[in-house]
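# Understanding the architecture of this molecule
Here is what each chain is made of, one letter per residue.
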Amino acid sequence: MNTKHAEIVVTGPKDTDEFIKGLWAQNPVFVQVLGMCPTLAVTNTATNALTMGLATAFVLLMSNIMVSSLRRVIPKQVRIASYIAIIATFVTAVDYIIQAINLELHKSLGAFVSLIVVNCLILGRAEAFASKNNIKSSIYDALGMGLGFTLALLCLGVVREILGSGTFFNLMVTPTNFEKWVIMLLPSGGFFVLALWMLVINRLKQRRQEAKD
Amino acid sequence: MATIQPIQPQTNPWPMYRTLVGIGLLCALVIVSVFEVTFPTIKINKQQALERAIFQVLPGAKSFAGYTLAENNNLRKSADSRPPSVYACFDSQTALIGFAIPAQGMGYQDTIGLLYGYSLQKQSIPGLVILQSRETPGLGSKIESDEFLRNFSQITITLKPGAEELEHPLELIKNTKNTQAWQIDAITGATVSSQAVVSILNRSLAFWLPQIAKQKERFTIEH
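I will try to describe carefully the structure that is included in this document. (Residues numbered from 1 in each chain as written. Chains lettered and ligands numbered in written order. Predicted model: local features only at pLDDT ≥ 70, side-chain atom pairs only at ≥ 80, totals over all residues. Heavy atoms only, no water.)

The grouping of Phe168, Phe169, Leu171 and Val173 of chain A at the surface amounts to a nonpolar patch, some 350 Å² of accessible area in total. In this fold, Leu171 of chain A is placed in strand E2 (residues 171–172). (Patch = residues over 30% accessible without salt bridge, like charges linked within 9 Å, V, L, I, M, F, W, Y side chains within 5 Å. Areas by Shrake-Rupley, 256 points an atom, 1.4 Å probe, with all protein chains shown as cover. Salt bridge = Lys/Arg side-chain N within 4 Å of Asp/Glu carboxyl O. Helix = DSSP H or I, 4+ residues; strand = E, 2+ residues; numbered from the N terminus.)

All names here are of chain A. Counted under the stated rule, the structure contains 5 salt bridges over all chains. Here Glu18 and Lys21 are joined by a salt bridge, their closest N and O atoms 2.4 Å apart. Taken together, the residues span about one helical turn, with Glu18 and Lys21 both in helix H1 (residues 15–23) at a distance of 3 residues. The exposure class of Glu18 is buried, given its relative accessible area of 8%. A residue is classified by how much of its surface remains accessible, and Lys21, at 14% relative accessible area, is buried. For Arg125, the salt bridge goes to Asp141, with nearest N and O atoms at 2.8 Å. (Buried < 20%, exposed > 50% of the residue type's maximum accessible area, 1.4 Å probe, protein only.)

Residues and elements named next belong to chain B. Sheet architecture is open: 6 strands sit in the order E2-E1-E3-E4-E5-E6, paired in antiparallel fashion. Whereas interior strands pair on both sides, the edge strands pair on one side only; in this sheet they are strand E2 (75–77) and strand E6 (128–132). Ignoring strand direction, the axes of neighbouring strands in this sheet form an average angle of 30°. Two strands pair when backbone bridges link them, and strand E3 (residues 86–90) and strand E4 (residues 96–106) are joined in this way by 4 bridges, in the antiparallel orientation. Looking at the pairing, Tyr87 lines up with Ala100 of E4. Contacts between helix H1 (residues 14–57) and the sheet are confined to strand E1 (63–69), E3, E4, strand E5 (111–119) and E6, with E1 contributing the most and set at about 100° to the helix. (Pairing = 2+ DSSP bridges. Axes fitted to C-alpha atoms, helices over the stretch in contact; angles between N-to-C directions. Contact = heavy atoms within 4.5 Å.)

A word on the environment of Val173 of chain A. All names here are of chain A. Tracing the chain through its elements places Val173 in the loop between E2 and helix H8 (187–212). Sequence separation between Val173 and Ile162 is 11 residues, and the spatial gap between their C-alpha atoms is 7.4 Å. When neighbours within four sequence positions are excluded, Val173 is seen to be in contact with Ile162, Gly166, Thr167 and Phe168.

Following this line, the structure appears as structure tokens:
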């Protein structure tokens, strides 16, 4: 009698799942609450938020690729020092690139570009993901997390710029008699907007869960 | 009784050294490559930003030359390696019309960096731009507004006979009517930032105007 043996195939999460998780289920800002310093400090305009998000995403992508490629040769005792050196390298690179693209933008971001080095999102992904996974998955993870971070910063930047300056990407969108909310340009305004976005996102998640149940 | 010491696992340090040195070299290579590629563009961007700022603070200027302070406060034409202390500005006929002077000082939050023009003919500050400021948005940041900066262009700044000190240093006033030509109205809610700008200008003018008066013949344009 011929018997067919069931073949158990162990599959990991698909690459698209690695990408999508950063956008919603594990969003770095709204869910993991990582990288709060730039989230609150440089989201006073949409342009600053977008630039900071893209710069962080670039550093995250490049450092994930390098950490993943070198994961077998980095001894565990010196892994954190190695990751920091790699991250600092790409932060320096992105700093030069922004200066070459637009000096004014570089000026408005101030020291926060250099401070991407200490953004725990990047070190966190290097340690938790890139050091344990292949390059392809690490790229998807970095793209998802980077895009998720950029979108979250943009959500804050748009609201703060409209209420604080009356503009959207430097275009006037409010009536001339609109009283600007100065607090929105201060870090405390960042806390308020972040709290409101978290409230909205958690409410949406809750409703989704209730609909599933 | 002899105590038993736990055996410490011996770690070979060689792979660690090798990794750190290797990663260091790789990182250095990446940084140098990016720097080499971007440096020419960054240099052009900085030069263009400087030109824009100089021509903005001294309308009528068509060219400029940077001068650096050397020993005994002597001014010399800047070499490429050192940032100039002052820019002599010339009109289309290559006549010296004034100076663009960078200055900085402590504001409310952080250092305020600015560039102002000094017109020799009008003996006034026709333009002033804030280059660096992290003052409170909505309050101290108003030092960058045209409304505040316009105050300075109305004032004549001269030296006392002897050309050693200012005749009337700028003076900040608040809540009172401006009665003297050298008085500047403070921004409501941002007295510290307004005072910082006035103090930076006073210090800088008190130093530079006597130097300029003494060394006027040094400022020439070369073709």
